[in-house]
Structure formats: C-alpha cells, structure tokens
Amino acid sequence: MSSLTSNQHVLDWVKEMETLMTPDNVIWIDGSEGQLRALREEAFKTGELTELNQDKLPGCVLHHTAKNDVARVEGRTFICTTKKEDAAPINNWMAPDEMKAKLIPMYTGCMRGRTMYVIPYCMGPIGSPFSKVGVEVTDSIYVVLNMDIMTRVGVKALRQLGDSNDFVRGQHAKADIDEENRYIVQFPEDNAIWSINSGYGGNVLLGKKCFALRIASYQGYKEGWMAEHMLILGIEDPTGHIDYVTAAFPSACGKTNLAMLIPPEIYAKKGYKVWTVGDDIAWMHIGEDGRLYAINPENGFFGVAPGTNEKSNPNALHSTMKGTIFTNVAHNLTDNTVWWEGLDKNIPEDAQEWTGLAVDGKEYVADGGKLAHPNSRFTAPAVNCPCLSSEFNNPQGVPVTAIVFGGRRAKTAPLVYESFDWAHGVYVGSAMASETTAAATGAVGVVRRDPMAMRPFCGYNMGDYFGHWLEMGKKLGDKAPKIFNVNWFRTDDQGHFIWPGFGDNMRVLMWILGRCKGEVEAVETAIGYLPNAEDIDVSGLEDVTTATVKDLLSVDKDLWMEDVKGVGELYDQIGERVPAKLREELASLKDRLSK
Ligand code: GTP
Ligand code: SPV
Ligand code: MN
C-alpha cells in the first residue's frame, strides 16, 4: 500500500525501518473505519483478538497478552541521553550508541514474515498549538487498534504535522516477546522511542507513557511547559461555573476513578456536576492570561478493570460498553462477555481466566487465584464517557485552579492538606511516596518514593525536573494554582480503608475549591494547612462522622520524621541537581516537626 504523506522526513524514516526490520508488507494506517474493520477481522482469524457478544458489547474485543508480559517493566526501561547525569540516577541509563548497538541486531529482520503497520498519530486535539505528532511502526494489530482508541490516528495526524520534521519516531516490534530481551528505550535528544519484545499497553502504545510523559517531560523542560501523570477534571457549580483540578497519583492509585466521579447526593441535588477532561496525562502551558492551562493529549482511557463496577465507577463502566478492547480480563463463556474481580458478585461458572485457559483446566491461576489479572485493562474511547467534558477538544485546554498530589499511604499522610505556597507544594510533590501496585512488574504493596507520580515516567534528571517545577511557579507568580496532597488509602488496625473514597472524594475536592476561593478556614500545622474536621461535609455518609475525619486528619510526628528521612535519602540519591530551595523546604519541615 502506498504511503499517505509527502513529508520526506516521515518517508525516509519509514523506509529506514523497513530496511532494518524487513517486513513482508507495509501498511499505512489512515484511520478509516473500513481499514480498522479489516484488521479486526484478520485478528479474529489468527486468534490475536476474540470478538465478544455484539448485542451486549458492540464493537468490543478481548485480547490476552503473554503470561510474562502483563505490566510495565520499569527495570528494563531506559532513558538514553548523551550524558549520564542528564537522565540518571532515578532512571536507568545507557549511552545512546551503546543501547543502539545492543538493540539493532534484535531489530534486524525481526518482521520477516510479518506486516509492518505505520501509525501516524496526534497527541492532543487536532489543531491545538500544544498538540504533538508521533509515528509508530509496529508488527501488532492489537497495538494499531489500541492506538486508534487512545490517540488521533491517520490522515488527520499527518495533516497536523505538515512538512515538519518535528515528530516522535517510535519503533515497536513484538519480536519473540522474550522477557530477557525486553527493552523500552527513550532517546529524548532524538525524539525517538525503541520498544522490543513486549505486547503490553504501557510498553508498546508508544504515544502514552513513552511519548506523552517521558519524551514530552523533556520537551516541556526545554520549551517551558509541563507533561505530568495527572488526571484533569472539571467541577461545575450550580451557577454553571466550572473549576478545573489536576491530580497526580501513581499508577493504579485512583486517577481514572477520581476523573469520572459521581457527585454524592448532597452535591448532586444542589446542581453540582463533574466533567472528565483526562484520566492519566496532562500537558500544561502558561496561557495568555498568565494562568496554567491543561490539555489531555490522549483520546481514550486505558483503565484498570478490577474494581470497576456500577457503584465504584459507573462512568468508566459505561465507557467500556462499545468499541472497547479488553486485555487480560476473564472471558465469560456463558454469554461471550467479560468479567473481572469487583465487577459484580456473579462469578462466571463457565469462563476462561485471563490467560485464555479454561477455569476448570486449573493449569494456571493468576495471583491469589483471580480470574482477571490484577492489572487487566480496558481501552475505551473517550467519546463513550457519559461525563466527558465539553472542553475535551478545546485546543487551548482548561485553566487549572488546583493541583493535587496523592498516593497510597496506610498511615502517614492525612486525608488532605494544603501546601503553604508553590515552592512548598513542589516539596510536597517531591516527597510523595506510595505502595507499589500491579501496574508495574515487581513486588506489590511496598512503599517507595514516587515524586509527583513521575518516578517511572520522568524523561530526564529528577533534580532538574524539580527545578523546572520551581521555575514554572516563578513564571506563574500569583496566578499559580494552589497545591494540595490527598490520601484516600488510610487503613484501620484491620487493614480496612477508613475513607469511603470514590464519589465521596468530592467532599474533599469541595474543601480544596473552598480554599482556592478563600471561602473556608484552615489550621496552620507543621506539614501545611489542615482542614477543620467539620469543614469536610460528611452528611449522608453511614460509617463516617466528623470524629472519623478528625482521625483521618491526624498527623503522627514520629511517622513524619521517619518519612522526612526518606525524602532526604531520595534527595541524596538524586544528588547535586536537587534545587537548594527544596533542601531548605525539607530542613524547615524537619524544624517545624521537631518543635
Ligand atoms: P493507572 O491507569 O495505572 O494510571 O491507574 P489510576 O491511577 O487511573 O487508578 P484507578 O482509578 O484505575 O484505580 C486503581 C485501583 O484503585 C482500582 O482498583 C480502584 O478500585 C482503586 N481505587 C480508586 N479510587 C479509590 C478510592 O477512592 N478509594 C479506594 N479505597 N480505592 C480506590
Ligand atoms: C500506568 O501504569 O500508569 C498506566 C498504564 O496508566 S500503562 O499504560 O501501562 O502505563
Ligand atoms: Mn497511569
């Protein structure tokens, strides 16, 4: 098939990829429904995809990855800059030439007998000055179909690019799905991404974490904007005014759920509404009026399936009812639909678990005997979301009133607190820590430092990244959003979550907005401004009283001293590029805590 563009830079690079990987065919993805339909049909024939019940789930398909390939592989993810210190020490680093010399033999001829798909895609609304174009080559139809949901693909992306050479070159090959030779490599200085031997989401949908966070964070550093691991939501008050909030939580810590929350009755009946702009990534620029504006570079949701249900997140569930790709969930054979832990109480009797094996086969059982993999996912088009914001395609983005950080902390972090100012807020982000989840390979439930939820996604030196945050604050001045920290995951002595979470998180967001508008008082403490417990509205909640909130807001100074030590260790590890200002913030916090 002929190419779709006359852009010589794109044509030359695609030719280079063809020469390297020697596919039998090259197919350019134009974004047309006809072409996508043909690819789906082909994948049904090979078994790469299973067509689900088209009456109940129109346009929906099921995919199983290899058993060894179910999550991001942080240990095999590299940032390759000329100078080691520009990427290390938080990132894995290797010199670009050395990495290329290692990977080129793996790519050589790896698409023999296969087809190479060329996917031009745009991150961000078509026509937005803040959007950026990438081209991914891949040998996976699954990747093509996912990219079609997650980004704006085809002719429109090439039109956005025009004759420019400013596009991110992404080369993906499944190769042998060999975990010993799996590499996810970013070359930020070359706008290039090399991914090999995986077929799982974040490792292979190169527009997502690889481009929209790792490469884009570096671009933002150079160009004066920010690429963050943040949801974007709008809260509409009864007068119709909408305030926008962005929030950074680590992987599988609640971004999709917060982005789509259903307001509790107490707010709904007054006329409050919540709108979703994005659930994972925000690109933020300073607008003409001096405020911070956010766009969502994505066009769909790659969401965690387990725990998603009619009560916890109906908007996400409804988003998956058509045109969705399910990955590593269980296959309910009774009616050819899907199931996962936490969907409902009707565990299917006749089912295949996530690897595709029959349940009674008992040949392989996922962690804890689960039918769906804990990191099983849905890829759903954003347009399906009942609460999608009318500003979703706004080329200028939405103005940000508040920035929220948060993580999974069983004890240390209170339900919510506010930073004293931007610089202290940057400290709070840099001091984030969270229990690890199934979104990445490795142990689950271990507390690790995860600054701004960007530990796995920052495409350059973490100290420089902190410095960039401080710089942005200086530019924003008194127009800077206020910065908060939240924790939905405090547990009681039995290990149960104390805070109801999900839709009820709106109660905390309302306090946050109240603070931004100067409508509610707070208590100045060593760690920041804490709410008066009675200012978190708990009316209508069954098990939560103001006393519970008081408990959730309590700060254990010994735990905090311990935590502050961890922050100091992180700073020492990052080294001299940690801004002096943050070391001062750390020292003053220690001071305040010891008083
Ligand atoms: P990524 O897509 O990996 O970036 O994850 P995410 O941050 O979007 O997390 P998501 O909203 O998918 O939630 C992950 C898990 O946390 C799910 O199992 C949710 O059920 C659970 N979760 C989300 N919000 C809350 C909450 O407020 N309280 C509790 N207890 N659990 C929550
Ligand atoms: C995450 O792990 O933060 C995700 C899923 O959003 S992935 O695309 O795999 O990175
Ligand atoms: Mn994520």
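Values in this document were obtained by computation on a predicted structure and should not be read as measured data. Every chain is numbered independently, its residues counted from 1 as its sequence is written. Each chain gets a letter, beginning with A, and each ligand a number, beginning with 1, in the order they are written. Predicted model: local features are reported for residues with pLDDT of at least 70 only, side-chain atom pairs are reported and counted for 80 or more only, and whole-chain, interface and lining totals are derived from all residues. Values shown for side chains rest on all heavy atoms present in the structure; no hydrogens or waters enter the calculation.

Student: Kindly report on the sheet that holds strand E18 (residues 300-304), identifying the contributing residues and their values.
Tutor: Note: two strands are recorded as paired if DSSP finds a minimum of 2 bridges between them. Helix and strand assignments come from DSSP, with helices taken as H or I runs of at least 4 residues and strands as E runs of at least 2, each series counted from the N terminus. Judged by pairing direction, the sheet is mixed, and its five strands sit side by side in the order E2-E3-E19-E23-E18 without closing on themselves. The open sheet terminates on both sides in strands that have one partner only, identified here as strand E2 (50-51) and E18. As judged from the three bridges shared by strand E3 (residues 61-63) and strand E19 (residues 325-327), these two strands associate in the parallel manner. Looking across to E19, one finds that Val-61 is bridged to Ile-325.

Student: Please give an account of the site of ligand 1 that cites residues and values.
Tutor: Near, as used in this document, describes a residue that has one of its heavy atoms within 4 Å of the molecule or strand being considered. Residues in close proximity to ligand 1 total 21 residues, the closest being Ala-252, Lys-255, Thr-256, Asn-257 and Arg-377. As used in this structure description, the phrase polar contact means that two N or O atoms lie within 3.5 Å; if the pair is within protein, one of them must be able to donate a hydrogen and the other to accept it, and residues adjacent in sequence are counted only when both atoms belong to side chains. One of the backbone nitrogen or oxygen atoms of Cys-253 is found 3.3 Å away from an oxygen atom of ligand 1. In this structure, Thr-256 approaches ligand 1 through a main-chain N or O atom, which is 2.8 Å from an oxygen atom. Against a free-state accessible area of 660 Å², the protein chains account for coverage of 91% of ligand 1. For the shell around ligand 1, the secondary-structure elements that each account for two or more residues are helix H8 (255-259) and E18. Of all the elements, H8 adds the most residues to the shell around ligand 1, at three residues. In this classification, Asp, Glu, Lys and Arg are treated as charged, Ala, Val, Leu, Ile, Met, Phe, Trp, Tyr, Cys and Pro as nonpolar, and every other residue, Gly included, as polar. Residues of the shell around ligand 1, tallied by class, amount to ten nonpolar, seven polar and four charged. Summarising the domain contributions, the shell around ligand 1 has at least three residues from each of domain 2 (227-299 + 389-574) and domain 3 (301-384). Surface accessibility follows the Shrake-Rupley procedure with a 1.4 Å probe radius. Residue values consider only the protein chains on display as shielding. An automatic or database domain assignment supplies the start and end points of every domain.

Student: Describe the site of ligand 2, listing the residues and the values that go with them.
Tutor: In the region of ligand 2, the neighbouring residues are Arg-72, Tyr-200, Gly-202, Lys-208, Lys-209, His-229, Ser-251, Asp-280, Phe-302, Arg-377, Ala-439 and Phe-457. In this structure, an oxygen atom belonging to ligand 2 sits 3.4 Å away from a side-chain N or O atom of His-229. Contacts to ligand 2 include Ser-251, whose side-chain N or O atom sits 2.5 Å from an oxygen atom. Considered on its own, ligand 2 offers 280 Å² of accessible surface; in the complex 98% of this is hidden by protein. Here the shell around ligand 2 is composed, by residue class, of four nonpolar, three polar and five charged. Two domains each put at least three residues into the shell around ligand 2: domain 1 (8-48 + 77-223) and domain 2 (227-299 + 389-574).

Student: Describe the sheet that holds strand E21 (residues 337-339), and please don't skip the residues or the numbers.
Tutor: Taken in spatial order, the three strands line up as E21-E20-E22 in an open sheet, and their pairing is antiparallel. Among the strands making up the open sheet, the edge pair consists of E21 and strand E22 (351-352). In this structure, strand E20 (residues 330-332) lies alongside E21, joined through three bridges in antiparallel fashion. Within E21, the position partnered with His-331 by the bridge is Val-338.

Student: Lay out the packing of helix H2 (residues 33-46) against helix H4 (residues 141-150) in plain terms, naming residues and giving numbers.
Tutor: Contact pair H2 / H4: the axes reach a minimum separation of 10 Å and the direction vectors enclose 140°. The hand of the H2/H4 crossing is left-handed. Contact residues: H2 offers Leu-36, Leu-39, Arg-40, Glu-42 and Ala-43, while H4 offers Ile-141, Val-144, Leu-145 and Asp-148. Classifying every residue of the contact of H2 with H4 by side-chain character gives six nonpolar, no polar and three charged. Orientation is described by axes fitted as lines to C-alpha atoms, over the contacting stretch for helices, and by angles from 0 to 180 degrees between their N-to-C directions. The hand of a helix crossing depends on one turn: near helix anticlockwise from the far one by less than a right angle means left-handed, and clockwise means right-handed. Any two residues having at least one pair of non-hydrogen atoms within 4.5 Å are treated as being in contact.

Student: Go over the coordination of the manganese ion (ligand 3) with me, naming the residues and quoting the values.
Tutor: The manganese ion (ligand 3) binds to the protein through Lys-209 (NZ), His-229 (NE2) and Asp-280 (OD); the donor distances cover 2.1 to 2.5 Å. Because water is not among the atoms used, a metal site may look incomplete, as its donors are only the N, O and S atoms within 2.8 Å, or 3.2 Å for Na, K and Ca. Mapping the donors of the manganese ion (ligand 3) onto the primary sequence gives the spacing K-x19-H-x50-D. Of this pair, Lys-209 sits in helix H7 (residues 207-223) while Asp-280 is found in the loop between strand E15 (273-278) and strand E16 (282-286), placing the two residues 71 residues apart along the sequence.

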